[in-house]
Each structure stands twice: as structure tokens, then as C-alpha cells.
Amino acid sequence: MTPETIALIKSSYAGVTAKPRQLAARFYDELFAVAPNLRPLFPSDLTLLQGHFEAAIALVVRNLDEMSALRESLRDLGAQHVHWGARPEDYVTAREALLAAIGALSPSWDGTLERDWRSAVTAIIVPMLEGAAVHTALVAERLAADAPDPV
Ligand code: HEM
């Protein structure tokens, strides 16, 4: 990601989060509108989660120039998400819902911003999915090690 792209994303993020939890609230609205089946996985009161979600996105936006520093934390977050029932395909749905939310709240939303934000959100979900995969592989390895006669 070029420094220009990072600057664009940072300034658009500052605009959409001027009001706390506005972005997260919109994100969950967009997500449950396209994927109502995911709603039961979440607590009925989303207030706390909205704060956590925005904090996570804010951390990523602050560190866009060194995403590798966040890779391990994002992998851990992805591993936790296995227990919450997130499937790989849900991440694409979540990415598009987040883009729709940012777009709806950004007065200057255009094709360039959309492309740049899609890259940024993809850079979040890829390590999360890797973390989920590693977690699943470790469970399989432990099971195999316990088996008296591994196949
Ligand atoms: C852009 C990708 C995503 C990010 C950045 C993200 C971020 C987060 C964060 C920061 C939390 C709170 C963790 C905590 O409180 O310790 C959380 C919780 C959760 N997320 Fe995600 N998430 C993403 C995608 C998804 C997807 C695709 C699902 C699909 C089902 C999902 C389902 C949940 C659920 C069910 C919880 C827990 C709610 C509870 O407290 O019971 N997330 N997420």
C-alpha cells in the first residue's frame, strides 16, 4: 500500500468515526441485512461489541504502514472467531458489509476509496482466516497424537 493510499484511508476513517460507534452500528446493520442467519451468533445488546470492533479497526488503520506488526494479534482474533461460529465465507460478507458502511458514511466515497478500503479490509481478514486455519490444524494434530493408531 502506497503512503498516498494510507493517507487517504486514514483521513476517510477519521471522517466516518467522528461520532463514536456510528461506523460499527452501521456495519452490523449492513451485515445482518444481508446475512440475518449470523445475528443469533452475536449478543442481543451490541453496544460493547461495537466499541471493540471500532477499536480493532482503528488499531489497524493506525498501523497500515506496518501491518506485519499486527499479524499475530489478527491471527489470534481469527482463532477466537472459530469458537464464535465464523465461517470463511462470512469474512467476505463482513468485508462487503464494512465497505458498504464506510461508503454510506463517507461524503467523498468513490471507486478509488472503495478499492483502497477493500485492500485494507482484506489485509485484516486474511490473517484472521490464517489464524482460524492454524487453530483447526492444531486441533487435528492433537487429536492425531492422541490416537493409538494414527491413520
Ligand atoms: C473484518 C473482520 C472482523 C473483525 C475485525 C472482527 C472483530 C471482532 C472483535 C474485535 C470482536 C470482539 C472481541 C472481544 O470482545 O474480545 C469480535 C467478536 C465477535 N465477532 Fe467478529 N470480527 C470480524 C469478522 C467476523 C465475522 C465474519 C463473524 C461471523 C460470524 C464475526 C462474529 C463475531 C462474534 C459472534 C463475536 C463475539 C460476540 C460475543 O461477544 O459473543 N466476526 N469480532
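Residues numbered from 1 in each chain as written. Predicted model: local features only at pLDDT ≥ 70, side-chain atom pairs only at ≥ 80, totals over all residues. Heavy atoms only, no water.

Asker: Describe the coordination of the iron atom of the ligand, with residues and values.
Answerer: A lone protein donor contacts the iron atom of the ligand, and this donor is His81 (NE2), found at 2.1 Å. Tracing the backbone shows His81 in helix α4 (residues 71–83). (Donors = N, O, S within 2.8 Å, 3.2 Å for Na, K, Ca; no water. Helix = DSSP H or I, 4+ residues; strand = E, 2+ residues; numbered from the N terminus.)

Asker: How would you summarise the site of the ligand if you had to cite specific residues and measurements?
Answerer: What surrounds the ligand is a group of 16 residues, the closest being Leu41, Phe42, His52, His81 and Asp90. Within the side chain of His52, a nitrogen or oxygen atom sits 2.7 Å from an oxygen atom of the ligand. His81 places a polar side-chain atom, nitrogen or oxygen, 2.9 Å from a nitrogen atom of the ligand. At the level of elements, α3 (47–62), α4, α5 (88–105) and α6 (111–146) are the ones that each hand at least two residues to the shell around the ligand. Here the element with the most residues in the shell around the ligand is α3; it accounts for four residues. (Near = heavy atom within 4 Å. Polar contact = N/O pair within 3.5 Å; in protein donor to acceptor, adjacent residues only side chain to side chain.)

Asker: I'd like a rundown of the nonpolar core, residues and numbers included.
Answerer: For soluble globular proteins, nonpolar side chains are generally found buried alongside one another. Of all hydrophobic cores here, the largest spans 36 residues; its most connected members are Tyr13, Phe27, Tyr28, Leu31, Leu98 and Trp117. Every element with two or more residues in this core is listed here: α1 (3–16), α2 (22–34), α3, α5 and α6. Those residues in contact with Trp117 that sit more than four places away from it in its chain are Ile9, Ser12, Tyr13, Val61, Leu99, Ile102 and Trp109. (Core = buried A, V, L, I, M, F, W, Y, C linked by side-chain atoms within 4.5 Å. Buried < 20%, exposed > 50% of the residue type's maximum accessible area, 1.4 Å probe, protein only. Contact = heavy atoms within 4.5 Å.)

Asker: Explain α2 residue by residue, including any values.
Answerer: An ideal rise of 1.5 Å per residue puts 18 Å on 13 residues; α2 measures up with 19 Å between its terminal C-alpha atoms. All of the buried residues along α2 are Leu23, Ala24, Phe27, Tyr28, Leu31 and Phe32. Down the axis, α2 shows its buried residues gathered within 155 degrees of arc, on one side only. Of the residues in α2, the exposed ones pointing more than 90 degrees away from the buried face are Asp29, Ala33 and Val34. (Expected span 1.5 Å × (residues − 1). Arc of directions from axis to C-beta.)

Asker: Can you explain the packing of aromatic side chains? Please cite residues and give values.
Answerer: This structure, assessed with the given rule, holds seven aromatic pairs. Ring centres 4.4 Å apart and planes at 5 degrees place the aromatic pair Phe27 and Phe53 in the stacked group. Linking Phe27 in helix α2 with Phe53 in helix α3, this pair joins segments that are 26 residues apart in sequence. On the accessibility criterion, Phe27 (5% relative accessible area) is buried. Using a relative accessible area of 18% as the deciding quantity, one classes Phe53 as buried. (Phe/Tyr/Trp six-rings, centres within 6.5 Å; stacked < 30°, edge-to-face > 60°.)

Asker: Quick one: what's the story with unusual backbone geometry, residue by residue and with numbers?
Answerer: For Arg21, which is not glycine, the phi torsion reads 65 degrees and is therefore positive. Within the secondary structure layout, Arg21 lies in the loop between α1 and α2. With a relative accessible area of 37%, Arg21 lands in the partly exposed category.

Asker: Could you give me a rundown of the pattern of salt bridges, with the residues and numbers involved?
Answerer: By the definition in use, this model includes nine salt bridges. For Glu72, the salt bridge goes to Arg75, with nearest N and O atoms at 3.6 Å. Residue Glu72 and its partner Arg75 are both found in helix α4; the two are separated by three residues, about one turn of the helix. Residue Arg75 is classed as partly exposed on the basis of its relative accessible area of 27%. With its nearest N and O atoms 3.3 Å apart, the salt bridge here joins Arg115 to Asp116. Take Arg115: its relative accessible area is 52%, and that puts it in the exposed class. Each of Arg95, Glu96, Glu114 and Arg118 takes part in salt bridges that share partners, so that together they form one network. (Salt bridge = Lys/Arg side-chain N within 4 Å of Asp/Glu carboxyl O.)

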